[in-house]
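Understanding the architecture of this molecule
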Amino acid sequence: MGRNLVEKAKPFSISKREVWEAYKRVKANQGAAGVEGQSIAEFESDLANNLYKLWNRLASGSYFPPPVRRVDIPKGDGRTRPLGIPTVADRIAQMVVKRYLEPEVEKHFHPDSYGYRPGKSALDAVGQARERCWRYDWVLDLDIKGFFDNLDHELMMRAVRKHTDCPWVLLYIERWLKAPVQMPEGTLVARDRGTPQGGVVSPLLANLFLHYTFDVWMQHNHPDIPFERYADDAVCHCRTEAQAQRLRQELEQRFAACRLELHPQKTKVVYCTQN
């Protein structure tokens, strides 16, 4: 009974059950250790105590995320993609927020947004793009330059506030956006923009940001141009090359207004060959 009274007296109404459910999801996803080197198995060696401590800090408002461990993953073109690996406890904390926020925003998302969403996949996006390429001769293939590294924090929080006024969700998302990155050699780098690729809540935030930056903008300004978006990659289907080139110019301005840049080399207007 004592602990139940404590739970009710906390500033934020986060239940122990939510932390437990978040832990189960994180365990199912596995993943590497964060900056403190603790694996999921090591976290579980004192599971009840570790979960209680995490719940206690989350519910009292005293939870501050530790730095995110930077790992560079090789890409097919010889370059690397930076991933940010949170600690096990931080992944659980992020999952608590994701489980709260995802149902609030998911119902507003565009049907042609496919990345990191329940019941949607890259295969769905490719299938839809193929089908539309039979009806539209030209595509604008968009590539956002360093999206996860350059996402603007002020605009991100404005988008989150459109969907929730829950104080602990807003508090912790802001803290995650600002959490420093620990580089491979051990130095800490402060962040004033971006959200780490590899974080539990980052894909949801990325989708929310691009929902307003791109999906809603396209619906309002070009309802006749269908598209598929998978996270920060998008394909727009146009009837003529001129229409695709005009759209590219407009989207360059739109993304600049949202403090992002289209990659000048990787963003291309392409003719669809039916073969």
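In what follows, the structure referred to is the one given above.
Now for a description of the structure that goes with this document.

Although it is not a glycine, Tyr116 adopts a positive phi angle of roughly 55°. Mapped onto the fold, Tyr116 is located in the loop between α5 (88-106) and α6 (122-133). Of note in this structure, Arg259 is not a glycine but carries a positive phi near 65°. Mapping Arg259 onto the fold places it in the loop between α11 (241-257) and β8 (268-271).

Bringing helix α2 (residues 16-29) into the picture now. The periodicity of an α-helix, 3.6 residues per turn, causes residues three or four positions apart to be oriented the same way. With 14 residues, α2 extends 20 Å from end C-alpha to end C-alpha; this agrees with the ideal 20 Å at 1.5 Å per step. Looking at the packing, one finds that the buried side of α2 touches α3 (40-44), α4 (47-60) and α5. Positive phi shows up at Gln30, right after α2, with a value of about 55°.

Moving on: helix α9 (residues 167-178). If you check α9, its first and last C-alpha atoms are 17 Å apart, about what 12 residues at 1.5 Å a residue would give, namely 16 Å. Packing partners of the buried residues in α9 comprise α4, α5, α8 (153-161) and α10 (202-221).

What follows deals with the packing of aromatic side chains. The final tally for this structure, using the stated rule, is 12 aromatic pairs. Taken together, a centroid distance of 6.0 Å and an interplanar angle of 50° make the contact between Tyr116 and Tyr230 tilted. Of this pair, Tyr116 sits in the loop between α5 and α6 while Tyr230 sits in strand β6 (residues 227-230), and the two are 114 residues apart along the sequence. The partly exposed category is assigned to Tyr116, whose relative accessible area is 41%. The exposure class of Tyr230 is partly exposed, given its relative accessible area of 29%. Relative to Trp176, the ring of Tyr172 has its centre 6.2 Å away and its plane inclined at 50°; by these criteria the two rings are tilted. Taken as a pair, Tyr172 and Trp176 lie in helix α9 at a separation of 4 residues, close to a single helical turn.

The rules we used
- Residues numbered from 1 in each chain as written.
- Predicted model: local features only at pLDDT ≥ 70, side-chain atom pairs only at ≥ 80, totals over all residues.
- Heavy atoms only, no water.
- Helix = DSSP H or I, 4+ residues; strand = E, 2+ residues; numbered from the N terminus.
- Expected span 1.5 Å × (residues − 1).
- Contact = heavy atoms within 4.5 Å.
- Phe/Tyr/Trp six-rings, centres within 6.5 Å; stacked < 30°, edge-to-face > 60°.
- Buried < 20%, exposed > 50% of the residue type's maximum accessible area, 1.4 Å probe, protein only.

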